[in-house]
Amino acid sequence: DAVEAIDEEERQAESNGRRGAVRRRRRGGKAGPERVVSRVIRQVKRQRRQHLEAWQREERRREQSRDASGKPKHGDEDDQEHVGGNRWAGGTGGADTAGLGGKGGPYRLEKRGQNVHQISDEDKARISDEAREAARKMGEEARKKRLEEIEMGGGDYDLYMKILGEVQSEIDQLRRV
């Protein structure tokens, strides 16, 4: 459009060291306030275009990181809130890492005080069978390791899950308080 043509003309003139001549030639009959308004409008349009381009780059990067690779992992630890990105343990909305609300992670991992950003069921269904199986295997290995750490056998775990199921609604009520 016209603003882009003017911007391009200014860039070329600036690179040639004759920006002032281009401005004087372009001014034509515009008085001071009209010239200022025109300049502000060009600047705003340029800034909007830059913001849009930055947003589009970020969205492309996020789309690429949302695909589960089939190589699930725990993820890096920190105490910050993370959404997507496929790097942090306990984040939400991502792929491959342990967390809440994402897809492809090996197990659920909650961080205290973090908001959950749930991805759609359609996105969760788009994970490959290989990625789903790899995540299931890693989750099972992590569960077995944790049971060994707390010296709990398979029968103990089954009993624990039965008792937990009987009081789960009360636990949920207390968490909402």
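It should be emphasised that the depicted structure is a prediction, and the values quoted were computed from it without experimental measurement.

About the cut-offs
- Residues numbered from 1 in each chain as written.
- Predicted model: local features only at pLDDT ≥ 70, side-chain atom pairs only at ≥ 80, totals over all residues.
- Heavy atoms only, no water.
- Helix = DSSP H or I, 4+ residues; strand = E, 2+ residues; numbered from the N terminus.
- Buried < 20%, exposed > 50% of the residue type's maximum accessible area, 1.4 Å probe, protein only.
- Contact = heavy atoms within 4.5 Å.
- Areas by Shrake-Rupley, 256 points an atom, 1.4 Å probe, with all protein chains shown as cover.
- Patch = residues over 30% accessible without salt bridge, like charges linked within 9 Å, V, L, I, M, F, W, Y side chains within 5 Å.
- Salt bridge = Lys/Arg side-chain N within 4 Å of Asp/Glu carboxyl O.
- Expected span 1.5 Å × (residues − 1).
- Bend = angle between axes of the 7 residues up to and from the residue.

K.L.:
Looking at this structure, I do not really get the overall build of the protein chain. What am I missing?
P.N.:
A count of helices and strands for the protein chain gives six helices and two strands. With 177 residues in all, the protein chain has 20% of them scored as buried. Considering only contacts in the protein chain between residues 6 or more positions apart, those separated by 24 or more positions represent 39%. Entry remark: accessible area of the protein chain is about 13200 Å², with carbon and sulfur atoms responsible for 49%.

K.L.:
Can you help me understand a nonpolar patch on the surface in this one?
P.N.:
Together, Val36, Val40 and Val44 line one region of the surface with nonpolar side chains, adding up to about 230 Å² of accessible area. Tracing the backbone shows Val36 in helix α3 (residues 32–65).

K.L.:
Could you clarify how one ought to interpret helix α6 (residues 154–176) in this entry?
P.N.:
Residues spaced three or four apart along an α-helix face the same direction, because each turn holds 3.6 residues. Counted at 1.5 Å a residue, the expected span for α6 with its 23 residues is 33 Å, and the 31 Å between its end C-alpha atoms agrees. The largest bend in α6 comes to about 55 degrees, at Val167.

K.L.:
Looking at this structure, how should I read unusual backbone geometry?
P.N.:
One can expect most non-glycine residues to show negative phi and most peptide bonds to be in trans. Even without glycine at this site, Glu151 takes up a positive phi of about 55 degrees. Along the chain, the position of Glu151 falls in the loop between α5 (129–149) and α6.

K.L.:
Would you explain the pattern of salt bridges in this entry?
P.N.:
Summed over the entire model, instances satisfying the criterion amount to four salt bridges. Asp129 is the partner of Arg132 in a salt bridge, and the nearest nitrogen-oxygen pair spans 3.3 Å. Here Arg132 pairs with Asp129, and both are found in helix α5, just three residues apart, close to one helical turn. What makes Arg132 partly exposed here is its relative accessible area of 38%. Taking the relative accessible area as the measure of exposure, Asp129 reaches 58% and is therefore exposed. Of the charged contacts in the structure, one is a salt bridge between Arg136 and Glu133, with a shortest N-O distance of 2.7 Å. Placement of both Arg136 and Glu133 in helix α5 is noted, with a separation of three residues, approximately one turn of the helix. Overall, Arg136 belongs to the partly exposed group, its relative accessible area being 47%.

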